[in-house]
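Overview (structure and organization)
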Amino acid sequence: MQTAVVRGAEMSRYGSAALRVLAVAAVYYGAARIGLLQQLVREQVTPLWPPTGVALAALLLMGLRVWPGIALGAFLANVFLGPSAVAVLVITVGNTLAPVCAFLMLRRAGFRAELDRLRDVLALIFLGALAGMLISSTIGSGVLVLSGAEDAGDFWSTWSVWWTGDAMGILVVTPFLLVLRRARWPVRARPARWLEAGALAFGTVFVTLLATRAADSSLLFLVSPLLIWAAFRFQLAGAAPCALVVSTLAIVAATAEKGPFEGEDLFSSMVTLQAFNGTTALTALLLAVVITERNKTHDEIKRVCMRFAEMVAQMEPRPDPFEFPPEEPPP
């Protein structure tokens, strides 16, 4: 009887693990289909590749055991894009190794998924996005050249789009998913708070659409005050969604060659787009975490002061109830 119970528990555990792997594969594939709507190179390389953000977030939240789901999702996303079966397998390996290596580097650096410390955001930027995504971009671009799908002279342009696209997936999508996982419905929030959040969301969409449809590229940075507003008032819970919205709308304008991206070649368009997206993501993340650390420090100082005040109050001498007051001298 006891053996049957143990076997049942093991089967349930294995079944739960398999469901997690399949769920990661499904979300990865869905994110890939969304990302491919905005491709710039050979219907395969995009300026923002959401699956890398999904993969790293899944690893940070569920551990290394979900890597088969990443591999399965990457294979399904690439199997119909070619150029050959061998190329698909190699690209799948690169797309799997990149987030796994990024996760291992972050874990070794003591990364916390709460993103409430400046060191965690810096680790996500340098280890997760910039360093980790070198693997997928190098493997993928090399395979496209070796298989004849791309000319050797186009290697660096393809590599740069691939690398920045994967890196932007980490910087934009991963923080959003980590925040979404900890989000709670604020049932006790004041109406003014809801109005402020709605005004921020509307303003972010409106200003970004206006800036990305104007011919002057300097107008793109009109969104900066909105990102600062989101970071100051809502910290990462506001900054991460705003950065995602701004980057997505900018990519839509770039792929449609609208506004500041009209008439630009691929390299110039990518420089403008990724400079803007990178600035947006870094401003939102760094400012939000600095405000979070400031608030935590303020709360800690307040708690220490309250404890010190209580200790001082306990040390003050109290009158003895059995001690008679001194007699007053006669007049």
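Look a little higher up for the structure.
The following paragraphs examine the structure supplied in this document.

Calculation criteria
- Residues numbered from 1 in each chain as written.
- Predicted model: local features only at pLDDT ≥ 70, side-chain atom pairs only at ≥ 80, totals over all residues.
- Heavy atoms only, no water.
- Helix = DSSP H or I, 4+ residues; strand = E, 2+ residues; numbered from the N terminus.
- Contact = heavy atoms within 4.5 Å.
- Salt bridge = Lys/Arg side-chain N within 4 Å of Asp/Glu carboxyl O.
- Patch = residues over 30% accessible without salt bridge, like charges linked within 9 Å, V, L, I, M, F, W, Y side chains within 5 Å.
- Areas by Shrake-Rupley, 256 points an atom, 1.4 Å probe, with all protein chains shown as cover.
- Buried < 20%, exposed > 50% of the residue type's maximum accessible area, 1.4 Å probe, protein only.
- Phe/Tyr/Trp six-rings, centres within 6.5 Å; stacked < 30°, edge-to-face > 60°.
- 1 Å grid on protein atoms, 1.4 Å probe; cavity = no way out; pocket = protein on both sides within 12 Å on 5 of 7 lines; lining within 4 Å.
- Points joined across faces, edges and corners; volume = space filled by probe spheres on them.
- Nonpolar A, V, L, I, M, F, W, Y, C, P; charged D, E, K, R; others polar.

With that settled, consider the overall build of the protein chain. Helix and strand counts for the protein chain stand at 11 helices and zero strands. The order of α-helices and β-strands along the protein chain, N terminus first, is α-α-α-α-α-α-α-α-α-α-α. Partitioning the intrachain contacts of the protein chain with sequence separation of at least 6 by distance along the chain shows that 74% fall at a separation of at least 24.

As a further point, take the pattern of salt bridges. Where charged atoms of side chains with opposite charge meet at close range, the side chains can pair. Applying the stated criterion across every chain, the model contains six salt bridges. Among the ionic pairs, Arg-117 bridges to Asp-120, the shortest N-O distance being 2.9 Å. Among the salt bridges present, the one from Arg-303 reaches Glu-300, with a minimum N-O distance of 2.5 Å. Taken as a pair, Arg-303 and Glu-300 lie in helix α11 (residues 266-315) at a separation of three residues, close to a single helical turn. Ionic contacts of the salt-bridge type, sharing partners, join the residues Arg-112, Asp-116 and Lys-296 into one network.

What follows concerns the side chain of Thr-96. With respect to the element layout, Thr-96 can be found in helix α4 (residues 85-108). Those residues in contact with Thr-96 that sit more than four places away from it in its chain are Trp-67, Ile-70, Ala-71 and Ala-74.

A cluster of nonpolar side chains, contributed by Leu-19, Leu-22, Leu-72, Phe-75, Leu-76, Val-79, Phe-80 and Leu-89, occupies part of the molecular surface with about 750 Å² of accessible area. Of all the secondary structure elements, the ones that give two or more residues to the nonpolar patch are α1 (2-35) and α3 (67-78). Along the polypeptide, Phe-80 turns up in the loop between α3 and α4. For Phe-80, a relative accessible area of 70% corresponds to the exposed category.

Between two aromatic rings, the relevant description is the distance of the centres plus the angle of the planes. Throughout the structure, instances matching the rule amount to five aromatic pairs. In this structure an aromatic cluster arises from ring pairing among Phe-155, Trp-156, Trp-159 and Trp-163.

Further remarks concern the layout of surface pockets. Its volume calculated, the second largest pocket comes out at about 220 Å³. What lines the second largest pocket is simply Ile-34, Gly-35, Leu-37, Gln-38, Leu-48, Pro-50, Val-173, Phe-176, Leu-244, Thr-248, Ile-251 and Val-252. Every element with two or more residues in the lining of the second largest pocket is listed here: α1, α7 (155-182) and α10 (236-255). Element by element, the count of residues in the lining of the second largest pocket is highest for α10, at four residues. Per-class residue counts for the lining of the second largest pocket are nine nonpolar, three polar and no charged.

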